Amino acid sequence: MQIITNDENKIILFIKNNLDKYPEKVSYDEIRGVLDFSETKMVDLLDSLQQKKIIEYDASTKDVSYVNLDVDLEVVENQSELKKYMLNKTEEDAYAIINEVISKYDNYAPRYILEGALMYGELELSPKRTYNIIVSLENKQLLKRVEKVDGEYYTI
């Protein structure tokens, strides 16, 4: 599933509604003329859709070709909503990793092991991001910090 903004969705809907007119590709100018987006906004939206592997945009010919229009989409209002949604997704992924790590250590994982799994594992989070996610999970009472004689541990 891909998460896209409302404006990106407008471009995809335009393409889908005009597939009979433009079966393989559509001109950048055609999309921009109908949707009335600014030049910079249009380029940013097309770049974003290209990174998500939904379309391909050739800047030299100004052609937009279709890669995967049938992908499952989740539409959010704007860029800040997208970031909030992604944070929640990252928290979910981190929580799954934390569950695995804690279960390997008999329900009490050392702090450095847990942080290492988040920073150097499949998520490759920055130290700040790791800290923020751990604090967020603690605030939501999904994770509990335990002080022991030999250091800090986490449990669920």
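Bear in mind the structure is a predicted one, so any value in this text is a computation, not a measurement.

(A) Structural view of the nonpolar core. One finds Ile11, Ile15 and Ile55 to be the most contacted residues of the largest nonpolar core, which totals 21 residues. Each residue touching Ile55, except ones within four places of it in the same chain, is listed here: Ile15, Leu46, Leu49, Gln50, Val64, Ser65, Val67 and Leu69.

(B) View of the pattern of salt bridges. Per the stated rule, a full pass over the model turns up 9 salt bridges. Across the pair Glu8 and Lys52 runs a salt bridge, and its minimum N-O distance is 3.0 Å. With Glu8 in helix α1 (residues 6-17) and Lys52 in the loop between α3 (39-51) and β3 (55-58), this residue pair connects regions lying 44 residues apart in the sequence. You'll find Glu8 and Lys52 in the same group, each marked buried.

(C) Examining the environment of Gly121 more closely. You can see Gly121 is positioned in the loop between α5 (111-120) and α6 (127-139). Distance in space between the C-alpha atoms of Gly121 and Ala94 is 9.9 Å, their sequence separation being 27 residues.

(D) Highlighting the packing of α5 against α6. In the contact formed by α5 and α6, the axes pass within 10 Å of each other and the chain directions differ by 125°. Taken together, the axes of α5 and α6 are oblique relative to one another. Taken as a pair, α5 and α6 cross one another with a handedness that is right-handed. In this structure, α5 contributes Glu115, Leu118 and Met119 to the contact, and α6 contributes Pro127, Thr130 and Ile134. In the contact of α5 with α6, the residues fall into 4 nonpolar, 1 polar and 1 charged.

Rules of the game
- Throughout this description, residue numbers start from 1 for each chain and increase along the sequence as written.
- pLDDT decides what is reported in this predicted model: residues at 70 or higher carry local features, side-chain atom pairs at 80 or more are listed and counted, and totals for whole chains, interfaces and linings draw on all residues regardless.
- With hydrogens and water set aside, each side-chain value is computed from the structure's full complement of heavy atoms.
- Here, nonpolar core refers to any group of buried Ala, Val, Leu, Ile, Met, Phe, Trp, Tyr and Cys residues whose side-chain atoms link them within 4.5 Å.
- Exposed residues in this analysis have more than 50% of their type's maximum accessible area, buried residues have under 20%, and partly exposed residues fall in between, with area computed by a 1.4 Å probe over protein chains only.
- In what follows, a contact means two residues having at least one pair of non-hydrogen atoms within 4.5 Å.
- One speaks of a salt bridge when a side-chain nitrogen belonging to Lys or Arg is within 4 Å of a carboxyl oxygen belonging to Asp or Glu.
- Per the convention used, a helix needs a DSSP run of H or I reaching at least four residues, while a strand needs a run of E reaching at least two, with both numbered from the N terminus.
- Whenever a helix is involved, its axis is fitted only over the stretch in contact; in every case the axis is a line through C-alpha atoms, and angles between N-to-C directions fall within 0 to 180 degrees.
- An angle below 35 degrees is read as roughly parallel, one above 145 as roughly antiparallel, one from 65 to 115 as roughly perpendicular, and any other as oblique.
- Crossings are sorted by hand: turned counterclockwise from the far helix by less than a right angle, the near helix makes the crossing left-handed, and turned clockwise it makes it right-handed.
- As a working rule, the residues Ala, Val, Leu, Ile, Met, Phe, Trp, Tyr, Cys and Pro are called nonpolar, Asp, Glu, Lys and Arg charged, and the rest polar, with Gly in that last group.

From the geometry alone we can't say anything about function, so treat these as descriptive.
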